[in-house]
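# Working through the structure, step by step
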Amino acid sequence: MDAGNEVRTGAMHKVAVTGGGGFIGKALVRALVNRGVEVTVIGRNPYPDLTSLGVRCVRGDIREPGILAEALRGCDTVFHVAAKAGIWGPRHEYFAINCTGTANVVAACRAQQVGRLIYTSTPSVVFDQNDLAGVDESTPYASRPLCAYAASKILAEREVLAANCEDLRAIALRPHLVWGPGDRHLIPRLLERGRVGSLRIVGAGDNQVDIAYIDNVVHAHLLAADNLCTIGSGAGQAFFIGQERPVALWPWINGLFVRLGIPPVTRRVPLTVAYGAGMILEGLHGMIGTANEPRMTRFLACQLAQSHWFSHRKAERVLGYRPLVGTEDGVERLVDWLRENGEM
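To start, this report covers the structure provided alongside it. (Residues numbered from 1 in each chain as written. Predicted model: local features only at pLDDT ≥ 70, side-chain atom pairs only at ≥ 80, totals over all residues. Heavy atoms only, no water.)

Before going further, it helps to spend a moment on the packing of aromatic side chains. Throughout the structure, instances matching the rule amount to four aromatic pairs. Seen from their ring centres, Phe 127 and Phe 299 are 5.8 Å apart, and the 85 degrees between their planes marks the pair as edge-to-face. One end of the pair, Phe 127, is in the loop between strand 5 (116-120) and strand 6 (132-135); the other, Phe 299, is in helix 11 (residues 298-305), and 172 residues separate them in sequence. Phe 299 sits in the buried class, given a relative accessible area of 6%. Both rings, one in Trp 179 and one in Tyr 213, keep their centres 5.1 Å apart while their planes meet at 75 degrees; by these two values the pair is edge-to-face. With a gap of 34 residues between them, Trp 179 in strand 8 (residues 178-179) and Tyr 213 in strand 11 (residues 212-213) connect regions that are remote in the sequence. (Phe/Tyr/Trp six-rings, centres within 6.5 Å; stacked < 30°, edge-to-face > 60°. Helix = DSSP H or I, 4+ residues; strand = E, 2+ residues; numbered from the N terminus. Buried < 20%, exposed > 50% of the residue type's maximum accessible area, 1.4 Å probe, protein only.)

Turning to helix 4 (residues 65-72), its buried residues are Leu 68, Ala 71 and Leu 72. Here the buried residues of helix 4 occupy an arc of 85 degrees about the axis, which is enough to place them on one side. Looking at the residues trailing helix 4, positive phi occurs at Gly 74, about 85 degrees. (Arc of directions from axis to C-beta.)

A few words on the nonpolar core. Val 17, Leu 32 and Phe 79 are the most contacted members of the largest nonpolar core, which totals 89 residues. It is helix 8 (residues 214-229) that contributes the most residues to this core, 10 residues altogether. Counting residues in each nonpolar core, the second largest holds 26 residues, with Leu 72, Cys 109, Val 114 and Leu 117 among its members. (Core = buried A, V, L, I, M, F, W, Y, C linked by side-chain atoms within 4.5 Å.)

Its location among the elements puts Val 41 in strand 2 (residues 38-43). Through-space distance from the C-alpha of Val 41 to that of Arg 73 is 12 Å; in sequence the pair is 32 residues apart.

Now for the packing of helix 7 (residues 186-196) against helix 9 (residues 249-259). Relative placement of two packed helices is described by the angle separating their axes and the distance separating the axes. Interaxial distance between helix 7 and helix 9 falls to 11 Å at its minimum, and their mutual angle equals 75 degrees. Taken together, the axes of helix 7 and helix 9 are roughly perpendicular relative to one another. For the pair formed by helix 7 and helix 9, the contact residues are Ile 187, Leu 190, Leu 191 and Gly 194 on the first element and Trp 252, Ile 253, Leu 256 and Phe 257 on the second. In terms of residue class, the contact of helix 7 with helix 9 is built from seven nonpolar, one polar and no charged. (Axes fitted to C-alpha atoms, helices over the stretch in contact; angles between N-to-C directions. Parallel < 35°, antiparallel > 145°, perpendicular 65-115°, else oblique. Contact = heavy atoms within 4.5 Å. Nonpolar A, V, L, I, M, F, W, Y, C, P; charged D, E, K, R; others polar.)

Everything listed here is a matter of coordinates, which is why it stays silent on function.
Structure representation (structure tokens):
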């Protein structure tokens, strides 16, 4: 076996994680450390909690190719988790970070002879303003993405999957609405809006959505890496990742609110009204040039009103993925964590 092939197959030894300071990234780094893997994190801030675990932290931006060349040297596997997320912000930033940054990661992998690349994508790449109920990975990319995040992630995922070859095995994972202990964005924002009473049930309120508990998302990333380390049957492909079944969005939110002493959401607004308000607010915010996110956008209106859940059969069949933590157990763990952190 030649040296290059040894890097492409076999166990992980030296790994780099972009965005290792984020919610998914940190959980993934800790899991890798527990496996005894040598980990380098690339991020824009210092992470003393990771350094204390023996993790090498390289401070930098994935838009800077030189930073990546240094950080990826000698690595056999890269988890590309870093991204500009959210549904509002300067469009050029989304494309610079999510597209140019991803292209830089791919180029650095090739230059440093990294054998495996696992990319954290999103189901938003296929959300095209219509209900998605149990669809699989054959669903085409959205032709009318409603936000720069989705549009930029489409291009980034294509970049990664197109890079797949004998020398660089690549895979894309699409976890949806990642939640759980340690989340500083999705759940806190939901609770904040619930406490001030600014949430409205959009549409009929019977839409079902996929959610993905953090431990299950990390598990899927490790399974993807293990697959690329061995038979490589998942190489060049994308996979939806979620819980054992979708949840009814508004009953799930209200159930969580009741547990936390927050009044359940009862007021409603038609999708057409929310969508129209989102269009107007996007226009006004764009004209003013404010970085503040509008209270409603077209993308958010559709996400709150429509179903978006996905088949996980391909991930089960190819990667051996099954959730380690069920939704009810995940809620218990989340509530305990929120209680311990003074969120109740």
